[in-house]
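# Architecture and fold: a report
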Amino acid sequence: MKIACYRNVLFFVLLTSLQIKIAAQQGSRSVTSFNSNWKFHLGNLKGADEESLPDTAWRKVQLPHDWSIELPFDSSSPTGTGGGALRGGLGWYRKTFIVPTSSKGKNVFIDFDGVYCNSEVFINGHSLGSRPNGFISFRYNLTPYLKFNNQSNTIAVKVDNSRQPNARWYSGSGIYRNVWLVTTGHVYVDHWGSHIETPVVTDKSATVSITTRLINSSQSKEPVSITTTLYNQAGGIAAVHVLKNVSVSNKKEIEQTFRLSSPARWSVDDPYLYKVVTRIVSNGKVVDDYTSNFGIRSFLFDVNNGFSLNGKPLKIIGVCDHHDLGCLGAAINTRALERQLKILKDIGCNGIRTSHNPPAPELLDLCDKMGFIVMDEAFDMWKKQKNKYDYHLDWDEWHKKDLEDMVLRDRNHPSVFIWSIGNEIPEQWAGKDGADTSGLKIARELAAIIKSLDTTRPLTAGLNSPYPDNVIYKSGVLDLVGFNYHHQDFKTFPQKFPGQKFIATETVSALQTRGHYDMPSDSMRRWPSRWDKPVENANADLSCSAYDNCSAPWGSTHEETLKELMKYNFASGMYIWTGFDYIGEPTPYPWPARSSYFGIIDLAGFPKDVYYLYQSLFTSKAVLHIFPHWNWTAGQTIDVWAYYNIADEVELFLNDRSLGIRKKSGNEMHVMWRVTYTPGILKAVSRKNGKQVLEKIISTAGAPAAIVLTADRKNIHADGTDLSFVTVKLVDKNGNLVPNADKLVKFTVTGNGFVAGVDNGSPVSMESFKASERKAFNGLCLAVIQSNGKQGKITLQASAAGLEQAALVITAR
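Residues numbered from 1 in each chain as written. Predicted model: local features only at pLDDT ≥ 70, side-chain atom pairs only at ≥ 80, totals over all residues. Heavy atoms only, no water.

## Description of the pattern of salt bridges
In this structure the tally under the stated criterion is 40 salt bridges. In this structure, E338 engages R335 in a salt bridge whose closest nitrogen and oxygen atoms are separated by 2.8 Å. Taken as a pair, E338 and R335 lie in helix α2 (residues 334-345) at a separation of three residues, close to a single helical turn. The class for E338 is partly exposed, based on a relative accessible area of 31%. The buried category is assigned to R335, whose relative accessible area is 15%. Linking E404 and K400 is a salt bridge whose minimum nitrogen-to-oxygen distance equals 2.5 Å. Highlighted residues: E404 and K400, both in helix α4 (residues 395-410), separated by four residues, approximately one helical turn. (Salt bridge = Lys/Arg side-chain N within 4 Å of Asp/Glu carboxyl O. Helix = DSSP H or I, 4+ residues; strand = E, 2+ residues; numbered from the N terminus. Buried < 20%, exposed > 50% of the residue type's maximum accessible area, 1.4 Å probe, protein only.)

Quick look at the structure:
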């Protein structure tokens, strides 16, 4: 049934308020965290699924949990350095719980946001099912097997990540995303059962179409009433409608259409969110209420003019990121994700590609709230393998279900703009004889699955063969043709793919180590010469230059790529490989390198110099960044670079002597001075129309003398999950960062918190991420402090041999 609903009148406001009061008094849907009080055993154990198994000796853990990040780096790990040289294995989780009497007669579900991988779930000895995909979310119905009357229930989860290698990057192991217990009445909104679209959007009005899938799990045929309420971001009622005497015999879909006047638009700068609440009332009681957020926006990918959002041209400057959170591993943490997105937002980044799998739900929630254009990606391979034990083994049985679940889960998110059906899929090649066309059939099947569930977003795939004979392209299903790399081919796209829309799905692959510089800076380094060969001319310290003069052979530097992208209006944008360094894939080096060099930001979250290139180009913030540091050998020739904006020139001084003025010309993105090193003070001044805009000073640092602690947040929630990221700097007696300092810093925490992880951003460090100490790397390291769930002060003390001790107080509230 389709009902046209207009702005609310007093009657509907009063009626909705009454429904809210009923819900508060009698309860309806209950969604509670199921993360606490689990027990864990690493290794297989016969009978671990049985209720009677004694588990008192098992380790107590809180979810989300990644056991691999706790293990030592191991050169013999079957995951290889591609998987971070951290082992997988097989583990068991168990939890005993009591279901309240009030839940009797209701439906009780358990929702897993993600388990890596090959999980099987048991309740009171009954197997609920298996799920091989480690990145997909899934639900099981516990209701038929639960015990009530104060009897204990035992849930057991087997996680088998022992077959290696099964991923090309660090996957983590375990129940590494959140788990929820969901309780509803006998009539309820199905899992991911609300579908919201905004098919018509203008400045004056917006049409909001809502399809709701209802389930009746009982024998009762008693009709129900359904109240659907739209709330604006301030919590006010934007529209409401009540359906009475709705008969739900088993499954039923209802369709409603609302029209909002003068709608607030969702955008990357103002990500305005509305909320839909569906309440179901049976016999005067609320038996379910279901909440979904959504945004109102219009967008277009155009053949000639690229991407526009709400009628305004916008170049997508996005990043690809894997799912690990550095020293926290794969275990999801909302604050850690929020920190990453904030760091990216501060350089004008407006897009995220979920490389190369469905993300944690929290990432999309944050992208909704913070304003990112998401490319939601389903697969890294189809039927043809990339690793011996990867998803190709499960493709035939599971790909349809996994893809459907991703789309059903994610299609209401306003941040999701693009569906990607795969990354660098082997089926894109037809083989030497041109006979292998299996990719045609698979691509068309995947496209049909998505289009059956969502027609509002374009489909793409990350093609690393950007030619018209590409099998996936020839399938005809790509609404948006995506290239991985090949920046030099951007200009020929309109000729090769006439009438097609274009986005650079993956670009750059520049290689940088924070704080390391190879000179001369205008000499390019492409390492290795082939992706499948060992690196040649390797630096002894396994570093890559931070001058933006080093890249993988298939990629290009940041500046090379940006110069091409910005030339062409038809280029919708790009997703850079990568925003953050990640564990695994340590191109260009073998062991003992164990994490990547690709990021604009290192693994600890510290910006590399190129961070400020993006900030100078894509934000309105005044930027002047000069580098490198100023601790070198006397007489050495040093290249000094500057990234700047909001100025027309930069002058460089060494010990108050001018080294000249530099101005960018043409499409230049930095300026450079070639300087003979002398210790002292290097100063840069940017000017516009002769007036100073900014000044930046770098001084030669002396020996390390003290530790400086800086917390990103001194007040955190006392919820047991919130984090404070503490930057640890080693400075000289004058407070200058010592750029080569590598002293071991030891941490002590007292009060209501603990060290959740430590890091320093080095891709070759073999130190544990879960220790209470860390060596500085190029003067910096990181301590992540977590609340233990209690209110009060958390005191962090840091010490290193021969340095003044430092302390910092964080308050958990």
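## As for the environment of P592
Among the secondary structure elements, P592 is positioned in the loop between β31 (571-577) and α9 (611-618). The spatial distance from the C-alpha of P592 to the C-alpha of A85 is 9.0 Å, given a sequence separation of 507 residues. Each residue touching P592, except ones within four places of it in the same chain, is listed here: L542, P763, V764 and M766. (Contact = heavy atoms within 4.5 Å.)

## Describing helix α8 (residues 558-565)
Here α8 lies mainly inside the structure; six of its eight residues are buried. For α8, the set of buried residues is H558, E559, T561, L562, E564 and L565. For α8, the secondary structure elements touched by its buried residues are β22 (316-321), β28 (502-508), β31, α9 and β33 (637-644).

## Some remarks on the packing of aromatic side chains
One pass over the full model with this rule turns up 48 aromatic pairs. Ring geometry for Y582 and F598: centres 6.3 Å apart, planes at 15°, overall stacked. Note that Y582 is positioned in the loop between β31 and α9 and F598 in the loop between β31 and α9, a separation of 16 residues in sequence. We classify Y582 as buried; its relative accessible area is 2%. Assessed through its relative accessible area of 3%, F598 is described here as buried. Ring plane angle 50° and centroid distance 5.8 Å describe the contact between F627 and W641, whose orientation is recorded as tilted. With F627 in strand β32 (residues 624-627) and W641 in strand β33, this pair connects stretches of sequence that are 14 residues apart. Classification of W641 as buried rests on a relative accessible area of 3%. Joined through ring pairs, the aromatic side chains of Y473, F483, F490, F493, F497, F502, Y568 and F570 make up one cluster. (Phe/Tyr/Trp six-rings, centres within 6.5 Å; stacked < 30°, edge-to-face > 60°.)

## Topic: unusual backbone geometry
Cis geometry marks the peptide bond from S355 to H356; its omega dihedral reads -15°. Mapping H356 onto the fold places it in the loop between β23 (351-354) and α3 (361-370). Unlike most non-glycine residues, I646 shows phi in positive territory, near 50°. Note that I646 resides in the loop between β33 and β34 (649-654).

## Overview of the confidence of the model for the protein chain
Averaged over all residues, the pLDDT of the protein chain equals 95, while 96% of them reach at least 70. Contacts for the low-pLDDT stretch residues 1-26, under 50 throughout, to residues beyond four places or in other chains number 49 contacts. (pLDDT = per-residue confidence, 0-100.)

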